[in-house]
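Here are the chains, one letter per residue:
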Amino acid sequence: MSAYETQGFKLDNSGKRVVVDPVCRIEGHMRVEVNLDSNNVIRNAVSTGTMWRGLEVILKGRDPRDAWAFTERICGVCTGTHALTSVRAVEDALNIQIPENANSIRNIMQLTLQVHDHLVHFYHLHALDWVDVVSALKADPKKTSALAQSISDWPLSSPGYFRDVQNRLKKFVESGQLGPFSNGYWGSPAYKLPPEANLMAVTHYLEALDFQKDIVKIHTIFGGKNPHPNWLVGGVPCAININDVGAVGAINMERLNQVSQIIDRCIEFTEKVYLPDLTAIASFYKSWNYGGGLSSKNVMSYGDIPDHANDYSTSNLLLPRGAIINGDLKHVHEIDLRNPDEIQEFVTHSWYKYPDESKGLHPWDGVTEPNYHPEGPNFKGTRTKIESLDESAKYSWIKSPRWKGHAMEVGPLARYVIGYAKGNPEFKEPVDKLLKDLGGLPLTTIFSTLGRTAARGLECQWAAHKMRYFFDKMMANLKAGDSATANVEKWDPSTWPKDAKGVGFTEAPRGALGHWIRIKDTKIDNYQCVVPTTWNGSPRDPKGQIGAFEASLMNTPVAKADEPLEILRTLHSFDPCLACSTHVMSPDGQEMSNVTVR
Amino acid sequence: MSTETFYEVMRRQGISRRSFLKFCSLTAASLGLAPTMAPRIAEAMENKPRTPVIWLHGLECTCCSESFIRSAHPLAKDVVLSMLSLDYDDTLMAAAGHQAEAIIDQIRKKYKGNFILAVEGNPPLNEDGMFCIHGGRPFIEVLKETAADAKAIISWGSCASWGCVQAAKPNPTRATPVHKVIFDKPIIKVPGCPPIAEVMTAVITYMLTFDRIPELDRQGRPKMFYGQRIHDKCYRRPHFDAGQFVENWDDEAARKGYCLYKMGCKGPTTYNACSTVRWNGGVSFPIQSGHGCIGCSEDGFWDKGGFYDRVTDIKQFGVESNADKIGATVAGVAGAAVAAHAAVSALSKARSGESDQSKGGK
Amino acid sequence: MSLKSHEDGPIDEVAAGTTVYVYEAPVRLWHWVNALSIVVLAITGYLIASPLPTVPGEANDHFLMGYIRFAHFAAAYIFAIGFLVRIYWAVVGNHHARQLFYLPVTDKVWWEGLFREIRWYMFIEKTPHKYIGHNPLGHFFMFFAITVGGIFMLVTGFALYGEGAQAGTWSHTLFSSWVIPLYGQSQDVHTWHHMVAWGIVVFMILHVYTAIREDIMSRQTMVSAIISGHRTFRE
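Just so we're clear, the structure is a prediction, and the values are computed from it rather than from any experiment.

Rules and cut-offs
Residues numbered from 1 in each chain as written. Chains lettered and ligands numbered in written order. Predicted model: local features only at pLDDT ≥ 70, side-chain atom pairs only at ≥ 80, totals over all residues. Heavy atoms only, no water. Pairing = 2+ DSSP bridges. Helix = DSSP H or I, 4+ residues; strand = E, 2+ residues; numbered from the N terminus. Axes fitted to C-alpha atoms, helices over the stretch in contact; angles between N-to-C directions. Contact = heavy atoms within 4.5 Å. Buried area = accessible area lost by both parts, 1.4 Å probe. Salt bridge = Lys/Arg side-chain N within 4 Å of Asp/Glu carboxyl O. Polar contact = N/O pair within 3.5 Å; in protein donor to acceptor, adjacent residues only side chain to side chain. pLDDT = per-residue confidence, 0-100. Phe/Tyr/Trp six-rings, centres within 6.5 Å; stacked < 30°, edge-to-face > 60°. Buried < 20%, exposed > 50% of the residue type's maximum accessible area, 1.4 Å probe, protein only. Expected span 1.5 Å × (residues − 1).

## A word on the sheet that holds strand E2 (residues 84-89) of chain B
Residue and element names in this part refer to chain B.
Logical step 1: Across the sheet, which stays open at both edges, the five strands sit in the order E2-E1-E3-E6-E7 with parallel pairing between neighbours. Each end of this open sheet is capped by a strand with a single partner; those strands are E2 and strand E7 (187-190). Averaged over all pairs of adjacent strands, the angle between strand axes in this sheet comes to 20°, irrespective of strand direction.
Logical step 2: The pairing of strand E3 (residues 116-120) with strand E6 (residues 152-156) spans five bridges and is parallel. By the bridge assignment for E6, Ile-116 is matched with Ala-152.
Logical step 3: Relative to E2, helix H5 (residues 76-83) is tilted by about 100°, and along the sheet it contacts strand E1 (51-57) and E2.
Logical step 4: Here helix H7 (residues 139-149) sits on the sheet and contacts E1, E3 and E6; the angle it forms with E1, its principal contact strand, is near 165°.

## Examining the interface of chain B and chain C
Logical step 1: Facing the 47 residues of chain B at the interface are 45 residues of chain C.
Logical step 2: Both faces considered, chain B and chain C share a buried interface measuring about 3900 Å² in area, 58% of it formed by carbon and sulfur atoms.
Logical step 3: For chain B, the biggest contributors to the area lost against chain C are Asp-324, His-341 and Lys-349 of chain B; these three give 13% of the whole.
Logical step 4: With its nearest N and O atoms 4.0 Å apart, the salt bridge here joins Arg-69 of chain C to Asp-241 of chain B.
Logical step 5: Taken together, the connections running from chain B to chain C amount to 26 residue pairs in polar contact (both at pLDDT 80 or more).
Logical step 6: Contributions of two or more residues to the side of chain B that touches chain C are made by helix H11 (237-242) and helix H13 (323-360) of chain B.

## Looking at the confidence of the model for chain C
Residue and element names in this part refer to chain C.
Logical step 1: In the predicted model, chain C carries a mean pLDDT of 89, and 95% of its residues have values of at least 70.
Logical step 2: Here residues 1-5 scores under 50 on pLDDT; set against residues more than four positions off or in separate chains, the count is nine contacts.
Logical step 3: This prediction of the complex comes with two scores: 0.90 for pTM and 0.92 for ipTM.

## Regarding the confidence of the model for chain B
All names here are of chain B.
Logical step 1: Summing up the model confidence of chain B, the mean pLDDT is 86 and the portion of residues at 70 or higher is 85%.
Logical step 2: Within chain B, the lowest mean pLDDT, 65, falls on helix H1 (residues 6-12), and the highest, 97, falls on E7.
Logical step 3: Long-range and interchain partners of residues 358-362, a stretch whose pLDDT sits below 50, account for two contacts in this model, where long-range means more than four residues apart.

## Points about the sheet that holds strand E4 (residues 30-36) of chain A
Residue and element names in this part refer to chain A.
Logical step 1: The three strands lie next to each other as E3-E4-E5, forming an open sheet whose pairing is antiparallel. In the strand order of this sheet, the two ends are held by strand E3 (16-20) and strand E5 (42-49), each with one partner. Going from strand to strand, the sheet's axes swing by 15° on average, the running direction of each strand aside.
Logical step 2: Relative to E5, E4 runs antiparallel, the two being bridged by seven bridges.

## Brief notes about the interface of chain B and chain A
Logical step 1: The interface of chain B with chain A comprises 96 residues on the first partner and 111 residues on the second.
Logical step 2: Summing both sides of the interface, chain B and chain A together bury roughly 8500 Å²; the carbon and sulfur share of this comes to 56%.
Logical step 3: Contact with chain A buries surface across chain B, with Arg-70, Ala-94 and Arg-255 of chain B losing the most and accounting together for 8% of the total.
Logical step 4: Inspection of the region where chain B meets chain A yields five salt bridges.
Logical step 5: With a shortest N-O distance of 2.7 Å, Glu-127 of chain B and Arg-383 of chain A are connected by a salt bridge.
Logical step 6: Counting across the interface, chain B meets chain A through 51 residue pairs in polar contact (both at pLDDT 80 or more).
Logical step 7: Taken together, the elements giving at least two residues each to the side of chain B that touches chain A come down to E1, helix H4 (63-68), H5, E2, helix H6 (97-110), strand E4 (133-134), strand E5 (137-138) and helix H12 (252-256) of chain B.
Logical step 8: In terms of residue count, H6 of chain B provides more of the side of chain B that touches chain A than any other element does, eight residues in total.

## With respect to the packing of aromatic side chains
Residue and element names in this part refer to chain A.
Logical step 1: Enumeration over the complete set of coordinates arrives at 60 aromatic pairs over all chains.
Logical step 2: Each ring, one from Trp-52 and one from Tyr-352, has its centre 6.3 Å from the other, and the planes form 70°; the classification is edge-to-face. You can see Trp-52 sitting in the loop between E5 and helix H1 (55-59) and its partner Tyr-352 sitting in the loop between strand E10 (343-346) and strand E11 (380-382), a full 300 residues away along the chain. Grouping residues by exposure puts Trp-52 and Tyr-352 together as buried.

## Observations regarding H6 of chain B
Logical step 1: In this model H6 of chain B runs 21 Å from its N-terminal to its C-terminal C-alpha over 14 residues, within 8% of the 20 Å that 1.5 Å per residue would give.
Logical step 2: In terms of burial, H6 of chain B is largely enclosed, as ten of its 14 residues are buried.
Logical step 3: Of the positions making up H6 of chain B, those classed as buried are Gly-97, His-98, Gln-99, Ala-100, Glu-101, Ala-102, Ile-103, Ile-104, Ile-107 and Arg-108 of chain B.
Logical step 4: Buried-residue contacts for H6 of chain B involve E3 of chain A together with E1, E2, E4 and H7 of chain B.

## Observations regarding unusual backbone geometry
All names here are of chain B.
Logical step 1: With an omega of -5°, the peptide bond running from His-73 to Pro-74 counts as cis.
Logical step 2: Position of Pro-74 among the secondary structure elements: in the loop between H4 and H5.
Logical step 3: Omega for the bond connecting Cys-193 with Pro-194 falls within 30 degrees of zero, at -5°, which places this linkage in the cis form.
Logical step 4: Tracing the chain through its elements places Pro-194 in the loop between E7 and helix H9 (197-210).
Logical step 5: Positive phi values are uncommon outside glycine, yet Asp-211 reaches one of about 55°.
Logical step 6: Mapped onto the elements, Asp-211 comes out in the loop between H9 and helix H10 (223-226).
Logical step 7: For Asp-211, a relative accessible area of 46% corresponds to the partly exposed category.
Logical step 8: In the Ramachandran plot, Arg-278 falls in the positive-phi region, its phi being about 60° despite a non-glycine side chain.
Logical step 9: Tracing the sequence through the fold places Arg-278 in the loop between H12 and H13.

## Let's talk about the pattern of salt bridges
Logical step 1: On inspection of all chains with the given rule, the structure shows 62 salt bridges over all chains.
Logical step 2: Between Asp-214 of chain A and Lys-217 of chain A there is a salt bridge whose closest N-O contact spans 3.0 Å. In this pair, the class of Asp-214 of chain A matches that of Lys-217 of chain A, namely buried.
Logical step 3: Taken together, the shared-partner salt bridges in this structure form one network comprising Arg-108, Lys-112, Arg-137, Glu-141, Glu-145 and Asp-149 of chain B.

Here's what the structure looks like:
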């Protein structure tokens, strides 16, 4: 099959094939292959997760109270979010109620991750797709200063400050050792920022690198370390002691002040640096509105950040919950993670085995049995030297999850689209404001690579303010005399039922995340994770429907076939997390066959 | 192409020669070296170009990279811009695809035997290594090729050092630590899931500063950071010695910061610097935040029973059990058997006594 | 005295009331010191793994865990030194003082005696053999529990002790430095130290029972023999 239509996209794999492997500046290992037509427009896209670690297999037979630590190690970038999902799944299965303070602390930790992850993604994983580091050397620091001061009152904005950074950068480049900037696509016509904006962005790249390490100290205070803080089934492990002897051995006023101060700095940095930078960069790229993919069609969010403890219903979740299909923003559908007919995972194009591969399996009944088998009439290479994959056969370590048969996009943009569709002012107003600030762009502009990147920035600001909300809420609760942080009624496995099953969900920075657990005789009987990058990076399904990564690359013109800048830009806008998606695998790649990214 | 030295880098950052020499003597002191070492440090820094580092990723979760950029002293940006030359790291680098792969080849040729290979994660050996694909090939091939030209290898984190979570039983991908596939290069293990940021940067700056690998223990870890257990330097140790323990989550003892030994803390069996260096610029560490140590820098810590058990499970006996349960059961059985045996013995002695009497009763 | 037909074998004919000097004074002293130290080690060892309930108050008012660990280490030193002295006595003492340290695995008579002893405990044999020293079954268990088990506990115990004593101390250099890497990590060493301790406890239960039983059933003194050193055959 060389050409067919699905989800409104015409797929045609007859043009020259370009391979990018590894896709860098992501978590994990990933490969992408595209076909370009004679005008260098992408007409077919194939994304492949190239690692598998087998965590679900490893979890079988273990203590459910330990599962958070294993699943947390699925990903060190979105660290903690899997752990939170896991403790929620176990608590759901065993019907454990957590104290209000534990809910507030968990929310603060989850929001800390959102802020940190979005910031690091924007500046350190994504910015180099928009920002030309080498061009920054040509900037006039005075102009950069003027630009910076025109968009923000962030104090670090003098001409001298930018000159120092530029000098440092200059010497670095002159040293001949370019380090992580080696072999970048500097000077490509796909870069559109003027030098002074590039210098401002590079300066903030370094500032953000310094600041991000302070954000996570909130995890360190409540969870002991970051990456990979500690969590607890039934609450949080840190006890609170405000008044009594020994308070210094627990969460006390000094610790809380530290958290509070970091929250203030998060709000400040997001509003004075991140958002102004985002708006400035977007203003130069607003005509480059490719990469929308599925976002204007099918998006989904499980919702997260429960206002009150133990209530996971739609109305109690501060991040919106629901699904939109076929671009109908008037209807936000309810989703049910327990319904075996809603979320299903397929493996027709994944390197796994199912008893019957024409059918999808609900995660509670999920099977994770690897079956590495690159094949198909168009496959080129050998088993251990892949030149080109064949998307008509199995071609990825990622499964294909579908909601009621639809491929869905998840992530900050999905959350904002759903929040907007629901008319929630917390999501609608910032979007409208941003569109207005950029010169009155239509709403449809958000269905793009840039829209995805912008939604992440808006969400970072939202999350920083919600940290303050939950911090204040916790302080009010402490003032009222409630300092409980854990419920140990069902800590002892002898209090558990013989059979139990549960589901836990969160909105990870990258999108909807769910863990499904079955417990039998106090041990894990089955464990399945369906993670954001599994949704977004999914390969084709039995109906030939493409996933969000693949859809987003469609119809994008590429300035230079041998420099995959536009491909990287769009893929990075999803903030791919491959170690997650492949249920703990990780791919890499590089090859190219017909034409080359050489 | 001129290649800048460490000293030049510091000078152009506005550091005077005087401050530079002071820095060198402080470095010597902080590393526990005699003051006479300071000139050597200064000399090394003045004359060396930045050492290239190739940072490869196998099966991992990127927590080591994330930890590395958390370093407060030195700052990650100073490490990357001024102290070493991080020429390849798929998590941070601008390039991708072939342009990225080309860098590995360049460095291997230009700095043969003079670059440091940092490995995060490990190679899986099952499915011909294709559980981790790098540029269409098994990661293990890339690892072996690159290692062949490296000066030394740093195994970042528990994945590269021991295997970590993907190597937990039953290790479906046969994930294998670096030292079990590379035999001809010095390997420095910096275990932990992840290792402490400042420990990571300290190990690498030690190597750059002294141009030698740190002194390692028998398991290949730098003695300076992995020579003592968390328990040995834990600030809650007085509660352990006093017999004051947290008995349950959020109980009175937990609110007073008592010892977490009974909650399964693995501090007494874990070699790491958490209780001294602490985490994220010294803010806290797991025990200080109320959760026991899970032993994440120890070999096979995933398979030592539950994280909340003090006496760990022994899987060899098939059923889940621990030494106390097995021991008490066997002792109980032995006691019961003794009692039963004694009863039968008494009975048979009584009988034989009777028959003796009847036989010998004249 | 011409009782001796075979060093480790049974004796056939012996007149009732015959008394033999079996256990020399150092052996007897060691036995009881050893017994006491094992009891202390077992109890304190258990309490180290599963501590007593929390004591209230200031940490510096208490040293409960410290005392328990001190008792464990002190008893361990006594056990270790006793073991060394006992080895010395095995060299200079009488034949019976050596039995603990070897198994006569090439000796057919010894094996026959072992199986006969097992049959005796299964109530198949009506009469037991008489032995001057240890009977083969007792000999077998003692060798594994006290000699092999004791050495294992000393090696792993001092390896764990050396971890706390730190690198550079004799216990760390002699034991921790190779025992911990051999197991991979410290946790497994704890687990096996614990397992073997239970093995020794089980041995002690059986040992006390069989000693008393044989004192009665075999018509030769057992309990008093390890006090006075003399074994008297009653019939």
